[in-house]
Amino acid sequence: MSKADGISRRNFLKAMAVGAGAVAAGRPVWSKNVSPNDRIRMGVIGCGGMGTGHLRRLVDMSKNPEEGVEVVGVCDIYEPRKQRAKEISQARLHHEYEEMLARSDVDAVVIATPDHWHAKMAMDAMHAGKDVYLEKPMTRTWQEGFQVYDTVKATGRVLQVGAQSTSEDRWWRARDWIRTGEIGKVLWTKSSFCRNSREGEWNWHIDPDAGPHNVDWKRWLGSAPKRPWDPDRYFRFRKYWDYSGGIATDLFYHILSHLLVALGPEMPKYVSAHGGIYVQHDREVPDTFHMLIDYPSEHTVVLCSSMANRQSLDETIYGHEATLHFVGEGFLRAPEEEFKDQRPEIRVRERSRPDHMHNFLECVRTRQRPHCDADLGLATMVAIGLGVDAYRKRQTIEFDAEKRRVQGRSAQPSLPRHDTLPR
């Protein structure tokens, strides 16, 4: 950390302590909002593939004064990525993300790091008074999801989880149709996310020059188990349980989150998961993975996936009186034979809706709830996190949402709520 920055991790921790005291006292922390006429000053934490994509988008937006956004900071622990981010944005460079969060000229941050860092970085950012665009999954585990959720409620910050399809209008139109009884009692839903490749999923390019001399490996590991430098774990982290939930946290988070826009962000009651490593044996996570989620409203979601065959299922929500088929830019309501006189076949087209990043920036200004807010983000995270646990334990898991714990053989102590979270 350079002296020119005028801050230190000690100062950041002092600020965190002040913020924690204010939360405990029941008053809002860093409640300053961005004026509608101000430029939103953004920082990007994590400048790999997804982070660099967000960075380029924000830099392009900054060239248009009407967008009202400016990139003022970038952060990474791998020197080539750090320098690339600097060249793209001309923003101030940071190695430690706390350094960026301590800056008073940063209004909001994009967090696009490996999953095992999401919870801590997001909570630190909110306690430092920043709004957060947090790449999916919300967290690595469902327990961390509750901690992030409670931090949103305690600090009043805007949190958008980066499940971009939740900003597609068809899911919001379907929500209205379901709520007004246009398909009758909802019974079950199916969807899938399938891919195939010769190389194997997540086997991204490994930079041959990468190593401990230009990767801060200890910092990257963070709270994960300590291991010697391994380029496969660094560049292909989604293959390993230490940093990811594999298909569940990478791909199922996308589809379940937009389905829960339509169905409502309900917490699961029972979750089971099945599959295995059938083709791609260079990993810990399964290449074929299926989940069943039962909800208290008497509705089941079936999610199927293989990373070794790209043939997929159509996304469909089945009701007692009609079925919604999500095809093209919208959906088709197909009636059951018994209800054709009440539920004629209708095709519903999507309407214009702000994309995910624009929705986030709009909410930073207005303090409204974004498309994938903490409630939707948590409901999605709990279901897929329990799915990972169910797969690894080879058992169906029963969840008590009120007590925030699993029941039976997998029972654990309940998690504290935000008003009693240790700081």
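Cut-offs applied
Residues numbered from 1 in each chain as written. Predicted model: local features only at pLDDT ≥ 70, side-chain atom pairs only at ≥ 80, totals over all residues. Heavy atoms only, no water. Buried < 20%, exposed > 50% of the residue type's maximum accessible area, 1.4 Å probe, protein only. Helix = DSSP H or I, 4+ residues; strand = E, 2+ residues; numbered from the N terminus. Pairing = 2+ DSSP bridges. Right-handed = clockwise from strand over helix to strand, strands pointing away. Salt bridge = Lys/Arg side-chain N within 4 Å of Asp/Glu carboxyl O. Axes fitted to C-alpha atoms, helices over the stretch in contact; angles between N-to-C directions. Parallel < 35°, antiparallel > 145°, perpendicular 65-115°, else oblique. Left-handed = near helix turned anticlockwise from the far one by under 90°. Contact = heavy atoms within 4.5 Å. Phe/Tyr/Trp six-rings, centres within 6.5 Å; stacked < 30°, edge-to-face > 60°. 1 Å grid on protein atoms, 1.4 Å probe; cavity = no way out; pocket = protein on both sides within 12 Å on 5 of 7 lines; lining within 4 Å. Points joined across faces, edges and corners; volume = space filled by probe spheres on them. Nonpolar A, V, L, I, M, F, W, Y, C, P; charged D, E, K, R; others polar. Disulfide = S-S within 2.5 Å.

**Thoughts on the pairing of strand 5 (residues 131–135)**
Line of reasoning, step 1. Buried residues dominate strand 5, accounting for five of its five residues.
Line of reasoning, step 2. Side chains Asp131, Tyr133 and Glu135 project from strand 5 onto one buried face, and the interleaved Val132 and Leu134 project onto a second face that is buried too.
Line of reasoning, step 3. Of the pairings in the sheet, the one linking strand 4 (residues 108–111) to strand 5 comprises four bridges and is parallel in character. Paired with valine 110 across the strands is tyrosine 133, a residue of strand 5.
Line of reasoning, step 4. Traced from strand 4 through helix 5 (residues 118–127) to strand 5, the parallel crossover comes out right-handed.
Line of reasoning, step 5. What joins strand 5 to strand 6 (residues 159–162) is helix 6 (residues 142–155), and the crossover it makes is right-handed.

**A short note on the pattern of salt bridges**
Line of reasoning, step 1. Counted according to the given criterion, the structure contains 36 salt bridges.
Line of reasoning, step 2. Aspartate 232 is the partner of lysine 239 in a salt bridge, and the nearest nitrogen-oxygen pair spans 3.0 Å.
Line of reasoning, step 3. The closest approach of N and O atoms between glutamate 321 and arginine 343, which form a salt bridge, is 2.9 Å. Of the two residues, glutamate 321 is situated in the loop between strand 11 (316–319) and strand 12 (322–325) and arginine 343 in the loop between strand 13 (330–335) and strand 14 (346–349); the sequence distance between them amounts to 22 residues. Of the two residues, glutamate 321 and arginine 343, both sit in the buried class.
Line of reasoning, step 4. Here the salt bridges share partners, and the residues they tie into one network are Arg227, Asp230, Arg233, Asp242 and Glu284.

**Side note on the packing of helix 2 (residues 49–62) against helix 3 (residues 79–89)**
Line of reasoning, step 1. Two elements in contact, helix 2 and helix 3, have axes separated by 10 Å at closest approach and are oriented at 15 degrees. Judged by the angle between their axes, helix 2 and helix 3 are roughly parallel. Regarding helix 2 and helix 3, the two cross each other, and that crossing is right-handed. Where helix 2 abuts helix 3, its residues Thr52, Leu55, Arg56 and Val59 lie against Arg84, Ala85, Ile88 and Ser89.

**With respect to the sheet that holds strand 2 (residues 69–75)**
Line of reasoning, step 1. Here six strands make up an open sheet; going across it, the order is 3-2-1-4-5-6 and the pairing parallel. At either end of the open sheet lies a strand with only one pairing partner, and these are strand 3 (92–94) and strand 6. Mean inter-strand twist for the sheet, computed between neighbouring axes without regard to direction, equals 20 degrees.
Line of reasoning, step 2. Strands strand 1 (40–45), strand 2, strand 4 and strand 5 of the sheet are contacted by helix 2, whose axis makes an angle of about 150 degrees with strand 2.
Line of reasoning, step 3. Of the strands in this sheet, strand 2 and strand 3 are in contact with helix 3, which crosses strand 3 at around 160 degrees.

**Quick notes on the packing of aromatic side chains**
Describing an aromatic ring pair means giving the distance of the ring centres and the angle of the ring planes.
Line of reasoning, step 1. Evaluated as defined, the whole model comprises 22 aromatic pairs.
Line of reasoning, step 2. Between tryptophan 217 and tryptophan 229 the ring centres are 5.2 Å apart and the planes differ by 85 degrees, which places this aromatic pair in the edge-to-face class. Of this pair, tryptophan 217 sits in helix 8 (residues 217–221) while tryptophan 229 sits in the loop between helix 8 and helix 9 (231–235), placing them twelve residues apart in sequence.
Line of reasoning, step 3. A residue is classified by how much of its surface remains accessible, and tryptophan 229, at 21% relative accessible area, is partly exposed.
Line of reasoning, step 4. Ring plane angle 70 degrees and centroid distance 6.5 Å describe the contact between tyrosine 240 and tyrosine 243, whose orientation is recorded as edge-to-face. For the pair tyrosine 240 and tyrosine 243, a shared accessibility class is recorded, and that class is buried.

**Describing the layout of surface pockets**
Remark: the empty space left among the atoms is shown by a probe the size of a water molecule rolled over them.
Line of reasoning, step 1. In this structure, the largest pocket encloses a volume near 770 Å³.
Line of reasoning, step 2. Every element with two or more residues in the lining of the largest pocket is listed here: helix 2, helix 3, helix 5, helix 8, helix 9 and helix 10 (247–263).
Line of reasoning, step 3. Of the residues belonging to the lining of the largest pocket, the class tally is 17 nonpolar, nine polar and eleven charged.

**A closer look at the state of the cysteines**
Disulfide: a covalent bond formed between the sulfur atoms of two cysteine residues.
Line of reasoning, step 1. Enumeration over the complete set of coordinates arrives at zero disulfides.
Line of reasoning, step 2. Not part of a disulfide, cysteine 304 finds its nearest cysteine sulfur in cysteine 194, a span of 7.6 Å.

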